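Chains, contacts and geometry: an overview
Residue-level listing of the chains:
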Amino acid sequence: MDPAIKKALHAAGISVDSLTEFPELAAWRAGVANYGLSVAATQTPFDDKVILEDKLLTLGGDGNIIRLRMYRPTQNKGLLPAFYWMHGGGMMLGTPEQDDVQMKQIAAETNALVVSVDYRLAPEFPFPVPLNDCYAGLQWLAEHAKELGVDNSRIAIGGASAGGGLAASLALMVRKKGGPKLVHQSLTYPMLDDRNLTRSSHQITSLGLWDRCYNIFGWESYLGTKDGRQDTPEFAVPAREQDLSSLPPAFIGVGALDLFRDEDIDFALRLMEAGVTTELHFYPGAVHGFDWYTPHSAMSTSFLSKRLNALKLAFEK
């Protein structure tokens, strides 16, 4: 493990030597939500460069409401590109606020409108609800591009962990069902495969972060079934999709000590084989969520810079 990451985990009271007690979901959610609030309250160099707004979106089909958290750069001329983001949390945890610092930076440094969707969570809302929420938010963004000051031809999507898996699924859904032409998909250590068969998924069992048991529980919550079933619904599990052609160019980053390591590398290679322009970054000694735990380390700043540059290039085309 990278020394800076190990030091940060120990300082946070996270054991890296033995499996931690499996948390009760309500308490787990509360802890992650409180973390998100602390992130939202953090002062950043970008606070004066970004305006935050929460938009409540009523879904036409069922009347339910989801929240879109928008980050608008204050200095802009002409139509803006847009980056549509899905937060992580194993399909059952998390809020947009947990990514406030990174989203403010992206909005300020790419001069893009960033929109983070507060999709409904499993197990109360299993597949397809979270993905449909993400699709509805993206459609709303595209349909209201003019009034939002957005260039409809420069929309990118992205997410971290479960959000990265949802972003990959969203790209597949847009390809088939229609939607804005996406210029980029930014996948940060994405959660892509419910089968948990890879070597890394068996190796990462006791870091106390996002280990095998957590991942199995997350997929069971999302799919409503035990992991590894023979068939899954279309769009539910990106790694099971046989045809990865005609998808937007991709950026994928993952660490060596992340249980998603092998499925992410395999997905990147399959995208390349399908003719999709793909940028893959691999980080020795990095755990799942390393950019959260050590945001100012050399490794994290390198990763965040590369992810940012990939977005900038996508928006320039």
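Above: the structure in question.
About the cut-offs
Here, residues in each chain are numbered from 1, in the same order as that chain's written sequence. It should be noted that, the model being predicted, local features are given only for residues of pLDDT at least 70 and side-chain atom pairs only at 80 or more, the latter also being counted only at that level, while totals for whole chains, interfaces and linings use all residues. Here the side-chain values reflect all heavy atoms present in the structure, with hydrogen atoms and water set aside. Here a salt bridge means any side-chain nitrogen of Lys or Arg lying within 4 Å of a carboxyl oxygen belonging to Asp or Glu. Only protein chains enter the accessibility calculation, which uses a 1.4 Å probe; a residue whose area is less than 20% of its type maximum is buried, one above 50% is exposed, and one in between is partly exposed. What counts as a helix is a DSSP run of H or I of at least four residues, what counts as a strand is a run of E of at least two, and both are numbered from the N terminus. Stacked, edge-to-face and tilted are the three classes for Phe, Tyr and Trp ring pairs, Trp counted by its six-membered ring, which pair at centre distances within 6.5 Å; planes under 30 degrees apart are stacked, over 60 edge-to-face, the rest tilted. In this scheme, the term charge over a ring applies when either NZ of a lysine or CZ of an arginine sits within 6 Å of the ring centre and within 35 degrees of the ring normal. Here, nonpolar core refers to any group of buried Ala, Val, Leu, Ile, Met, Phe, Trp, Tyr and Cys residues whose side-chain atoms link them within 4.5 Å. Pairs of residues are marked as contacts when any of their non-hydrogen atoms sit within 4.5 Å. Strand pairing is assigned whenever DSSP detects at least two bridges linking the two strands. Here the term right-handed applies to a crossover when the path leading from its first strand over the helix to its second strand runs clockwise, the strands being oriented away from the viewer.

Enumeration over the complete set of coordinates arrives at 15 salt bridges. With a shortest N-O distance of 3.0 Å, R154 and D151 are connected by a salt bridge. Here R154 falls in the buried class, since its relative accessible area comes to 19%. The class for D151 is buried, based on a relative accessible area of 18%. Salt-bridge contacts for E241 lead to R175; the nearest nitrogen and oxygen are separated by 3.5 Å. A residue pair is termed long-range when its members are at least 10 positions apart, and E241 in the loop between α8 (212-223) and β7 (250-257) and R175 in helix α6 (residues 162-177) qualify at 66 residues. One salt-bridge network, in which partners are shared between bridges, spans D54, R67, R69, E97, D100 and D118.

Our next topic: unusual backbone geometry. In this structure, P123 follows A122 across a cis peptide bond, with omega equal to 0°. Cis geometry marks the peptide bond from F127 to P128; its omega dihedral reads 10°. For P128, the location among the structural elements is in the loop between β4 (113-118) and α4 (129-143). At M91, a position not held by glycine, the phi torsion is positive, near 75°. Residue placement: M91 occurs in the loop between β3 (80-86) and α3 (100-110). Its relative accessible area of 1% is what places M91 among the buried residues.

Turning to the packing of aromatic side chains, a few remarks are in order. Going through the model one piece at a time under the given rule, you end up with twelve aromatic pairs. The interplanar angle of 55° and the centroid separation of 5.2 Å between the aromatic rings of W28 and Y214 together place this pair among those described as tilted. Residue W28 is found in helix α2 (residues 25-40), and its partner Y214 is found in helix α8; the two are separated by 186 residues along the sequence. Side by side, W28 and Y214 carry an identical accessibility label, which is buried. Site record: aromatic cluster; members linked through ring pairs are Y189, F251, Y283, F290 and F303. Residue placement shows R120 over the ring face of F125; its charged tip is 5.2 Å from the ring centre.

With 98 residues, the main nonpolar core has Y84, M86, L138, L141, I157, L170 and F290 as its most contacted residues. Sort the elements by how many residues they give to this core and α6 lands first, with nine residues. Look past the residues within four positions of Y84 in its chain and what remains in contact with it is L68, V115, V117, D133, C134, G137, L138, L141, A156, I157, G158 and L170.

The next point concerns the pairing of strand β5 (residues 150-160). Counting buried residues in β5 gives nine out of eleven residues, a clear majority hidden from the surface. Bridge count for β3 against β5 is six bridges, and the pairing is parallel. From the neighbouring strand, Y84 faces β5, where its bridge partner is I157. The pairing of β5 with strand β6 (residues 182-188) spans six bridges and is parallel. Within the sheet, the bridge partner assigned to G159 lies in β6 and is L187. Taken together, β5, α6 and β6 form a β-α-β motif whose crossover is right-handed.

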